[in-house]
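Take a look at the letters that make up each chain.
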Amino acid sequence: MTIAAEASTMLNPVTLFLEADPVVKAIMIGLAAASLWSWAVIIDKAVRFASMNRQATAFERAVGSGRSLEEIASQAGPDPADPLPRMLVVALADWREARTRGPLTEGQGNMLMARIDRALDSLIAREGQRVEAGLGVLSVVATASPFIGLFGTVWGIMNAFGAIAASGNTNLATVAPAISEALFATALGLAAAIPAYMAYNKFSIDAGKFTGRLESFADDLQAAVARRLGAPAGPPPRAAADYGHREV
């Protein structure tokens, strides 16, 4: 067998796994499972964020089309699944409930605005928790995988040196396979950690942007209700990434 063929065989992942120490094998299996888990979360989050942003954009266009808010809310249904339509339905429900009692005084108008603000804040908080679900998995995989892989490498190298000392053979051809098996655990740890780390940062930013989008829409809704009341718009706008003010 040529040197190149020997090197190819020595670096074969299947061969490295099969010839590794049982502890290192267990670590490799754990890292592979963690990588698959993180990739499942990555794919799920990518699809969900794309869908949520697409639906939010379509709804914002509907609101900015000049149609009445009541018509848009009626089209969305009494209990819409998407957050922006749900916010509109909640705000209009409070508005209609307040109007059924007759004309509103200034104090009643302020109480209505405060009630709508609390309802929208609660909805945004729940939605923020929902869009961030799963990011903890990516964080754990990204931070723990390199250290777990390093532990497997240290354990493998200790066993390799122990076997070398017992055999008394320090030839490179004898040392290299054992060291390669040990280092393969670190490689697996990095392979699991790098995508998880990059995805965690990206989806954290995406979650923040989407929450800001909800807060901006909530400010627009409060302003629309305040114009109907002929009262101030209520609390000052939250610090959020604005998708553009619209007259609603």
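Visitor: What am I meant to see in the overall build of the chain here?
Guide: Along its length, the chain carries eight helices and zero strands. For the chain, the N- to C-terminal ordering of α and β elements is α-α-α-α-α-α-α-α. Considering only contacts within the chain whose residues lie at least 6 apart along the sequence, 78% involve residues at least 24 apart. Carbon and sulfur atoms form 65% of the exposed surface of the chain, whose accessible area is close to 13500 Å².

Visitor: Would you mind showing me how to read the pattern of salt bridges here?
Guide: Using the criterion set out here, one finds five salt bridges in the structure. Of the charged contacts, one joins Arg86 and Glu127 as a salt bridge, the two residues approaching to 3.2 Å between their closest N and O atoms. In this pair, Arg86 is assigned in helix H5 (residues 83-99) and Glu127 in helix H6 (residues 106-132), connecting sequence segments 41 residues apart. The class for Glu127 is buried, based on a relative accessible area of 3%. Note that Arg130 is salt-bridged to Glu127, the shortest N-O span being 2.4 Å. In this pair, Arg130 and Glu127 both sit in helix H6, three residues apart, roughly one turn of the helix. One salt-bridge network, in which partners are shared between bridges, spans Arg86, Glu127 and Arg130.

Visitor: Hey, could you run me through empty space enclosed by the protein in this one?
Guide: Empty space among the atoms can be located by rolling a probe the size of a water molecule over them. Counted according to the given criterion, the structure contains one cavity of 30 Å³ or more. Of the voids in this model, the largest cavity is the one considered here, and its volume is about 50 Å³. Considering the residues around the largest cavity, the lining is formed by Met52, Gln55, Ala56, Asp82, Pro83, Leu84, Pro85 and Phe210. Of all the secondary-structure elements, those providing two or more residues to the lining of the largest cavity are helix H3 (22-63) and H5.

Visitor: Before we go on, may I ask you to explain the packing of aromatic side chains in this structure?
Guide: For any pair of aromatic rings, geometry is given as the distance between the ring centres together with the angle between the planes. Applying the stated criterion to the full structure yields three aromatic pairs. Considering the side-chain rings of Phe49 and Phe203, the 5.7 Å spacing of their centres and the 15° angle between planes classify their relative orientation as stacked. With Phe49 in helix H3 and Phe203 in helix H8 (residues 172-229), the pair connects residues that are 154 residues apart, well separated along the chain. Comparing Phe49 with Phe203, the two get one shared label, buried. Taking 5.8 Å as the distance between ring centres and 65° as the angle between the ring planes, the aromatic pair formed by Phe59 and Phe217 counts as edge-to-face. Of this pair, Phe59 sits in helix H3 while Phe217 sits in helix H8, and the two are 158 residues apart along the sequence. Taking relative accessible area as the criterion, Phe59 reaches 10% and is therefore assigned buried.

What counts, and at which threshold
Residues numbered from 1 in each chain as written. Predicted model: local features only at pLDDT ≥ 70, side-chain atom pairs only at ≥ 80, totals over all residues. Heavy atoms only, no water. Helix = DSSP H or I, 4+ residues; strand = E, 2+ residues; numbered from the N terminus. Contact = heavy atoms within 4.5 Å. Areas by Shrake-Rupley, 256 points an atom, 1.4 Å probe, with all protein chains shown as cover. Salt bridge = Lys/Arg side-chain N within 4 Å of Asp/Glu carboxyl O. Buried < 20%, exposed > 50% of the residue type's maximum accessible area, 1.4 Å probe, protein only. 1 Å grid on protein atoms, 1.4 Å probe; cavity = no way out; pocket = protein on both sides within 12 Å on 5 of 7 lines; lining within 4 Å. Points joined across faces, edges and corners; volume = space filled by probe spheres on them. Phe/Tyr/Trp six-rings, centres within 6.5 Å; stacked < 30°, edge-to-face > 60°.

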